[in-house]
Amino acid sequence: MKDPSGWQLGMGEGQRVHNFGAGPAVLPLSVVEEVQAALPNMNNSGFGLCEISHRSAAFQSVVDSAMNRIRRVLSVPDDYTILFLQGGASLQFYMSALNLLKSDEKADFLETGGWSKKSLKEANRIGDGMAIWSDSENGFKSVPNNGDYNLRDDSVYLHYTSNNTLYGTQYHHLPDSGGKPRIVDASSDIAGVTIDVSAHDVIYAGAQKNLGPSGVTLVILSPWALARAQANSEAGNLPTMLDYTIHASKGSLFNTPNTFGIFVLDCVFKWLEENGGLNGSIARNKAKSTLLYEELDRSDFWVPHANLDSRSVMNVTWRLADEALESVFLEKATAAGLGGLKGHRSVGGIRASMYNGCPIESVKALVEFMQKFEAEHS
Ligand SMILES: Cc1ncc(COP(=O)(O)O)c(C=O)c1O
């Protein structure tokens, strides 16, 4: 089987596996090839991609291009700030609270999995963070509906995780924040699903799933968020590298950024623009996940984890009715050139991550494999 760029997909020398890894994850092959071409000589600058100064005009044009593309693809309002930071989404758990909260202030969290638990833990180092809704006791099978929770009267903002990578659950609506600012960890569905950027005040996402390689984190700030950070900065509460206003004032070039990661991000957004923009991405992700969920719903051989209305289009998680067969499934899948399918240890079973770079051909190969496996083992 070939992917749309002509590479053989499968198992064996010279082939790329069908990569269902949860991140770092498969990138569009044309992007990988563009990066390959830039390694010795980036954009005809004469400098290799990993050898060029972040202060050069050639690299500045990459930063500008990436920011412009992000603005266009995600419809980022003109008065919002785009940052390329390091430290992953995990640093943003802490950094967002540090910039937005004071020690006597409150923030409300929707606890839908391991990552939102971690974001809450970090926010509690700064102020009073509280899970106002949690699905912990049900094994994180769903996200809340509006009306399922109440924000505290005096909380400053609502934090949520738009897609729960480990459990395969996702919001299909904008969580009600009672008119308060929304902060979202969109690491595993940014640029893969609908997002109203203007309805959020901080959006953060590690790039390594839908946007590029690890080591660069996209952060989008509203004017409100930047003003909150400014107040905390002026009060002397922010270490330089954790101060949004410093990074914003220097266009994400306060210190040496992840130049390689930003270049790849620009390539991915270019690829998105050339392939139908955000709507194209949404349609492809819907088609891929529908194919897989139809297979999971077809037979009792499979036991999907997430509740119907909370199913993720990015990460699909399931068990086998006979759990003892899961290791055999994974072993045979690997031998068939289907990689990265082992479920996270907190859920077990199988997880297929189908981010933007995952071609539908890979999902078709997975479904074919599943049907064959079921026929052999039932
Ligand atoms: C939703 C979500 N948030 C946060 C993280 C942590 O990201 P990082 O490794 O970039 O810190 C992950 C990683 O898988 C994730 O899926």
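Residues numbered from 1 in each chain as written. Predicted model: local features only at pLDDT ≥ 70, side-chain atom pairs only at ≥ 80, totals over all residues. Heavy atoms only, no water.

Trainee: When you look at the site of the ligand in this model, what are you seeing that I'm missing?
Mentor: Taken together, 13 residues are adjacent to the ligand, and Ser90, Thr165, Asp185, Gln208 and Lys209 come closest. Contact distances for the ligand include 3.1 Å between an oxygen atom and a backbone N or O atom of Ala89. The side chain of Lys209 places a nitrogen or oxygen atom 2.7 Å from an oxygen atom of the ligand. Looking at which element gives the most residues to the shell around the ligand, the answer is helix α3 (residues 88-100), with 4 residues. Its residues assigned to classes, the shell around the ligand shows 3 nonpolar, 8 polar and 2 charged. (Near = heavy atom within 4 Å. Polar contact = N/O pair within 3.5 Å; in protein donor to acceptor, adjacent residues only side chain to side chain. Helix = DSSP H or I, 4+ residues; strand = E, 2+ residues; numbered from the N terminus. Nonpolar A, V, L, I, M, F, W, Y, C, P; charged D, E, K, R; others polar.)

Trainee: Hey, could you run me through the domain arrangement of the chain in this one?
Mentor: The figure often quoted for interface size is the accessible area lost as the parts come together. According to the domain assignment, the chain consists of domain 1 (35-274) and domain 2 (278-377). Using C-alpha coordinates to define each centre, domain 1 is positioned 28 Å away from domain 2. Taken together, the 28 residues of domain 1 in the interface contact 23 residues of domain 2. Roughly 2,100 Å² of surface becomes buried between domain 1 and domain 2 when both sides are summed, with 51% attributable to carbon and sulfur atoms. Considering only the surface of domain 1 that becomes buried against domain 2, Lys141, Leu166 and Tyr167 emerge as the three largest contributors, covering 25% of it. If you look at where domain 1 meets domain 2, you find 16 residue pairs in polar contact (both at pLDDT 80 or more). Counting only elements with at least two residues in the side of domain 1 that touches domain 2, the list comes to α2 (57-74), β7 (169-170) and α7 (259-274). When grouped by side-chain class, the residues that make up the side of domain 1 that touches domain 2 number 12 nonpolar, 13 polar and 3 charged. (Domains from an automatic or database assignment. Contact = heavy atoms within 4.5 Å. Buried area = accessible area lost by both parts, 1.4 Å probe.)

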